[in-house]
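Remarks on the overall topology
Residues per chain are reported as follows:
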Amino acid sequence: MHIGVEVQRLFRKKKHGMEVVALELLKELQELDRTNEYTVFVREDEDNKCLKETATFKIEKLRGRSYFDWEQFSLSKAIKKFKPDFLHSTCNTSALGLKIPLLLTLHDIIYLEKIDFKGSAYQNFGNLYRRFIVPKVVSTSKFVITVSNFEKEVIINKLKVPPEKVKVVHNAASAKFNNNYAPEEIEHFRKSYHLPANFILFLGNTAPKKNTKNVIASYLRYCRWVDHKVPLVILDYDKALVEEQLSKSGATDLLEHFLFPGFVPSDQMPLMYNAADLFLYPSLRESFGLPILEAMGCGTPVITSNTSSMPEVGGNAAVYVNPYSVENISKAICDTVSNNTRNAELSSKGLQRAKEFSWNRSAKELLSIYEKM
């Protein structure tokens, strides 16, 4: 077969979850499949060496003025030129009106459930675009891949898709997320980012589903409950937004317990997890929740939500909270962060849980779907 794979933003430096998933699967397919031919369609960007061409994998860099222009015009034109047997679009949307079979990876349909316009302008536009495109490309796709059994049921019920059309291919954590790093390497990383000996890690985000405001409110309550406060390290979030929330809460004196190390490259994130005492991930809604497995693979205890796909991913290896309850999250932080016995148990269970998911197995499942196409 000649397989076309669309990953428009694969080469961008700050990859989101969808691009990370596509990159891991493509690397595994390069090792597993030496028979079929692949053309990977991408947009030129900074990280253009993250995937290399092989004898059977060719990379085509397409130009486009915007996400929409690239997908609906540049990609469509390239499909006509290169004539793959089918196209696998990996990030929720695809070009309309294709004359070849389509396989769509639909990570989630949160944007079809609710749009509250509380995100950034870019996020709001993206949600509106997906709201228009996704039902159309789902209806024309031969199969739809999603990343959890939870999301499969959501897609079937919301979009009225026949169950046999929706396939589940779970995500996994990259092998680099492990606890085998030397103490000296972790300590060097800690010093590079001016991190203390103990801290709680949270991946902040302005997207409402990431629940950042509740996490900050929960941490403030934790600070009021304890004498010895373990600092909260927040990645990918503007310090000014935290200052604003603390000001409204009358808690500006607690700002010193928040740390903002700035952007941490993806290849450094295993060291960040290893350095952390606890990982907070009480998201409101996730189709999978890959950071749960990444933290577990590094032996870091995890607090996550009891909603959507997160229990499916975390199994018996996480502490679960009601993400809407500030008190519930605060209590979980208090009960976990300084409890050495509980942390050791969570670390052990997490390491085992992470091993139950692998990109190799997921790529084999994907290849079997390619064969069905």
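One structure accompanies this document, and this report is about it.

What counts, and where the lines are drawn
Residues numbered from 1 in each chain as written. Predicted model: local features only at pLDDT ≥ 70, side-chain atom pairs only at ≥ 80, totals over all residues. Heavy atoms only, no water. Helix = DSSP H or I, 4+ residues; strand = E, 2+ residues; numbered from the N terminus. Rg over C-alpha atoms; globule rule 2.2 N^0.38 Å. Buried < 20%, exposed > 50% of the residue type's maximum accessible area, 1.4 Å probe, protein only. Contact = heavy atoms within 4.5 Å. Areas by Shrake-Rupley, 256 points an atom, 1.4 Å probe, with all protein chains shown as cover. Lys, Arg positive; Asp, Glu negative; His and termini not counted. Charge placed at Lys NZ, Arg CZ, Asp CG, Glu CD. Expected span 1.5 Å × (residues − 1). Salt bridge = Lys/Arg side-chain N within 4 Å of Asp/Glu carboxyl O. Pairing = 2+ DSSP bridges. Axes fitted to C-alpha atoms, helices over the stretch in contact; angles between N-to-C directions.

Structural notes on the overall build of the protein
The secondary structure content of the protein amounts to 14 helices and 13 strands. Computed over its C-alpha atoms, the radius of gyration of the protein comes to 21 Å, within 12% of the 21 Å expected for a compact globule of 373 residues. Based on the C-alpha atoms only, the size of the protein along its principal axes is roughly 65 × 45 × 35 Å. Relative to its 373 residues, the protein shows a buried fraction of 55%. For the protein, long-range pairs separated by at least 24 residues make up 66% of all intrachain contacts whose partners lie at least 6 apart in sequence. As displayed, the protein has an accessible area near 17000 Å², and 51% of this comes from carbon and sulfur atoms. Distance between charge centres in the protein, computed from 50 positive and 43 negative side chains, equals 5 Å.

A short note on helix 1 (residues 17-32)
For helix 1, with 16 residues, the first-to-last C-alpha span of 23 Å sits near the 22 Å given by 1.5 Å per residue. The elements touched by buried residues of helix 1 are strand 1 (2-6), strand 2 (37-43), strand 3 (57-62) and helix 14 (359-372).

Details of the pattern of salt bridges
Throughout the structure, instances matching the rule amount to 15 salt bridges. With a closest N to O distance of 3.8 Å, Arg 65 and Asp 69 form a salt bridge. Asp 69 gets classed as buried once you look at its relative accessible area, which sits at 12%. One network of salt bridges, in which partners are shared, links Arg 9, Arg 12 and Glu 19.

A short note on the sheet that holds strand 4 (residues 86-89)
Strand order in the open sheet formed by 7 strands is 3-2-1-4-5-6-7, and the pairing between neighbours is parallel. Pairing within the sheet leaves two strands with one partner each, and these edge strands are strand 3 and strand 7 (166-168). Each strand axis lies, on average, 20° off the axis of its neighbour in the sheet, ignoring direction. Pairing between strand 5 (residues 102-105) and strand 6 (residues 143-146): 3 bridges, direction parallel. Bridge pairing in strand 6 places Leu 103 opposite Phe 143. The sheet contacts of helix 1 involve strand 1, strand 2 and strand 3, and relative to strand 3 the element is tilted by about 145°. Running over the sheet, helix 14 touches strand 1, strand 2, strand 4, strand 5, strand 6 and strand 7 and is turned about 170° from strand 6.

Digging into the sheet that holds strand 8 (residues 200-203)
Ordered by their spatial adjacency, 6 strands build an open sheet running 10-9-8-11-12-13, and the pairing between neighbours is parallel. Because the sheet does not close on itself, it has two edges, and the strands there are strand 10 (258-259) and strand 13 (319-321). Relative to strand 13, strand 12 (residues 302-305) runs parallel, the two sharing 3 bridges. Bridging across to strand 13, Ser 305 finds its partner in Val 321. Most of the contacts of helix 10 (residues 290-297) go to strand 11 (residues 278-281), to which it runs at about 175°, and overall it touches strand 8, strand 11 and strand 12.

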